[in-house]
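# Coordinates in review
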Amino acid sequence: RAWGQEKSPGFVATNAFGNALDEKIEAELYLRKSGLDYTIIRPGGLKAKPPTGALSVNAEDTLNSGEISRDLVADVCIASLTDKKASNKVLEIIEDEGVPPKVFNGLNM
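Residues numbered from 1 in each chain as written. Predicted model: local features only at pLDDT ≥ 70, side-chain atom pairs only at ≥ 80, totals over all residues. Heavy atoms only, no water.

### Points about the pattern of salt bridges
To be explicit about the condition: Salt bridges are counted wherever a side-chain nitrogen of Lys or Arg sits within 4 Å of a carboxyl oxygen of Asp or Glu. Secondary structure counts use DSSP, requiring at least four H or I residues in a row for a helix and at least two E residues in a row for a strand, with both numbered from the N terminus. Burial status follows relative accessibility: with a 1.4 Å probe on protein chains alone, a residue under 20% of its type maximum counts as buried, one over 50% as exposed, and anything between as partly exposed.
Per the counting criterion, the structure on display carries eight salt bridges. Note that Glu 60 is salt-bridged to Arg 42, the shortest N-O span being 3.9 Å. Of this pair, Glu 60 sits in the loop between strand S3 (54–58) and strand S4 (67–69) while Arg 42 sits in strand S1 (residues 39–43), placing them 18 residues apart in sequence. Take Arg 42: its relative accessible area is 17%, and that puts it in the buried class. The closest approach of N and O atoms between Asp 83 and Lys 85, which form a salt bridge, is 3.3 Å. Its relative accessible area of 17% is what places Asp 83 among the buried residues. Members of the salt-bridge network, linked through shared partners, are Glu 28, Arg 32, Arg 42, Glu 60, Asp 61 and Glu 92.

In structure tokens, the structure reads:
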């Protein structure tokens, strides 16, 4: 809602199930205020197949389309546990279909 996407088809469809996106935003705000070290991962649409494009890490509130392999999301989640560049950040991730997939070798931000 903060960046004007509440009327987009994706937001409306996803939020129709018990206001899921509103609840996620509330949880994110709570986490940010907690004082804990965090990384919030916001993947695009999830694919149940291996990556077909390179990882694209984007700034907060910049993506409203794109897909990403569940495998690549898992790699990013694991990497964010030890990569200081991910500390207290929101990572919006998708695959860049215009670039061939690469072996995941950490977060390039």
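Next comes the rest of the description.
### A look at the pairing of strand S5 (residues 89–96)
Selection rule: Should DSSP find at least two bridges between two strands, the strands are regarded as paired.
Among the eight residues in S5, six count as buried, and that is most of the element. The sheet contact formed by S1 and S5 spans five bridges and is parallel. By the bridge assignment for S5, Ile 40 is matched with Val 90. Bridge analysis of S3 against S5 gives five bridges, and the strand direction is antiparallel. Pairing of Ala 54 across the sheet is with Asp 96, part of S5.

### Observations regarding helix H3 (residues 70–80)
Applied cut-off: Relevant arc is that of directions from the helix axis to the C-beta atoms, nothing else. The contact definition used throughout considers only heavy atoms, calling two residues in contact when any of these lie within 4.5 Å. Under the rule applied, a polar contact is a pair of N or O atoms within 3.5 Å (in protein, one hydrogen donor and one hydrogen acceptor; residues adjacent in sequence only if both atoms are side-chain atoms).
For H3, every residue scored as buried is listed here: Leu 72, Val 73, Val 76, Ala 79 and Ser 80. For H3, the buried positions fall inside an angular range of 130 degrees around the axis, keeping them on one side. Looking at the buried side of H3, the elements it contacts are S1, strand S2 (45–47), S3, S4 and S5. One side-chain oxygen of the residue at the start of H3 lies 3.1 Å from the amide nitrogen of Asp 71, identifying that residue as Ser 69.

### Considering helix H2 (residues 20–33)
For the record, the criterion: Helix span is expected to be 1.5 Å times the residue number reduced by one.
Along its 14 residues, H2 runs 20 Å from first to last C-alpha, staying within 8% of the 20 Å computed at 1.5 Å per residue. Just beyond H2, the residue with positive phi is Gly 35, at close to 90 degrees.

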